[in-house]
Amino acid sequence: GLVALNGIDLNVNKGDFFALLGPNGAGKSTTIGIISSLVTKTSGNVKLLGIDIDKNHSLAKKKLGVVGQEVNFNQFEKVGNIVLNQAGYHGINMKKAKENTEHFMKRLDIWDRRDEVARTLSGGMKRRVMVAKALVNNPELLILDEPTAGVDLELRRSLWQFLIDINKLGTTIILTTHYLEEAERLCKNIAIIDQGEIVENSGMQELLSRLEAETFVLDLGSELKKIPQLDGFTFKQNNPKQLIVTIKKNQNLNSVFTELSNRQVKVVSMRNETGRLEELFLNLVESSGS
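Conventions we followed
- Residues numbered from 1 in each chain as written.
- Predicted model: local features only at pLDDT ≥ 70, side-chain atom pairs only at ≥ 80, totals over all residues.
- Heavy atoms only, no water.
- Phe/Tyr/Trp six-rings, centres within 6.5 Å; stacked < 30°, edge-to-face > 60°.
- Lys NZ or Arg CZ within 6 Å of the ring centre and 35° of its normal.
- Axes fitted to C-alpha atoms, helices over the stretch in contact; angles between N-to-C directions.
- Helix = DSSP H or I, 4+ residues; strand = E, 2+ residues; numbered from the N terminus.
- Parallel < 35°, antiparallel > 145°, perpendicular 65-115°, else oblique.
- Left-handed = near helix turned anticlockwise from the far one by under 90°.
- Contact = heavy atoms within 4.5 Å.
- Nonpolar A, V, L, I, M, F, W, Y, C, P; charged D, E, K, R; others polar.
- Pairing = 2+ DSSP bridges.
- Buried < 20%, exposed > 50% of the residue type's maximum accessible area, 1.4 Å probe, protein only.

Caption draft 1: Structural context of the packing of aromatic side chains. The full count for this structure, using the stated rule, is one aromatic pair. Lying over the aromatic face of W111, R114 brings its terminal NZ or CZ to 4.1 Å of the ring centre.

Here it is in structure tokens:
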């Protein structure tokens, strides 16, 4: 079931880490399908790294790696061969193909599984094989469609780290996800798609700065027996050595610190409560009238 896209306009710059976010059925996969030309578009044009995908399809394909949601390799083949054959398919010479295969399989922690038959791997491991397969020709652009759906937490974290690293080295990445914290952790720019239309397209920081309130988790050096009463601030506690504070846009966290130090309570560390995007997302989708 493909979603009709209504004149989507997206610009993803070289070196970007770009998120395409939206509820299921919003049109994310259709968009990815068109960019990677797995789906034939009825109108519009797509340029990949300056190359028109219709006019110069094979050159565009060379610069692109795609990791879809479905397992896209022969389950009865050995893992190492799957990645190596993909390099061969791109016309990379054998020496380089072997180097790239080993490099990416090692980076993704699947090198020691190279002689195992693919179908014996867990879902998360299969996902890693798909990523290695997509990267073996060193594409300039990597597209990932829901890369961590159904992947266990540990795997997800290490996959994130890997993506951050290759992005730093220059690979442009487009990621579709419905995990908002994933987009928040990884991406520089973000477009939100709902019912085939882009309802938002901006930098991640800029988007987050539009949130009305922000929640911080403060870890304390000593136990706090009583929650502070401060005008306009909302406090919660999950345990005595932690304080969770929600501050509105125009408020300042300093008054909270002052109040705590007056009570001889030291703040050891603080971090943002994730889930900020969730709120924003709901507001955006509601205001776009769906």
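Caption draft 2: Broad picture of the packing of helix α3 (residues 79-89) against helix α4 (residues 94-107). Running from amino to carboxyl end, α3 crosses α4 at an angle of 130°, the nearest separation of the two axes being 9 Å. Taken together, the axes of α3 and α4 are oblique relative to one another. Every pair of crossing elements has a handedness; the one defined by α3 and α4 is right-handed. Contacts between α3 and α4 involve V79, G80, V83, L84 and A87 from the former and M94, A97, K98, T101 and M105 from the latter. Considering only residue class, the contact of α3 with α4 consists of seven nonpolar, two polar and one charged.

Caption draft 3: Region of interest: the sheet that holds strand β6 (residues 172-177). Taking strand neighbours across the sheet as the criterion, the six strands line up as β4-β5-β6-β1-β7-β8 in an open arrangement whose pairing is mixed. The open sheet has two edge strands, β4 (64-67) and β8 (197-203), and neither has a second partner. Across the sheet, the mean angle separating the axes of adjacent strands is 15° when strand polarity is ignored. Where strand β1 (residues 17-21) and strand β7 (residues 189-194) come together, four bridges link them in parallel fashion. For L20, the partnering residue across the bridge sits in β7 and is A191. Sheet strands touched by helix α5 (residues 123-135): β4 and β5 (141-145). Its angle to β4, the strand with the most contacts, is close to 170°.

Caption draft 4: Here's a closer look at the pairing of β5. Counting buried residues in β5 gives five out of five residues, a clear majority hidden from the surface. Of the two faces of β5, both are covered, the one formed by L141, I143 and D145 as well as the one formed by L142 and L144. Of the pairings in the sheet, the one linking β4 to β5 comprises four bridges and is parallel in character. Across the sheet, the residue bridging to V66 is I143, located in β5. Sheet topology note: the β5/β6 ladder contains five bridges and is parallel. Residue pairing across strands places L144 opposite L175, the latter belonging to β6.

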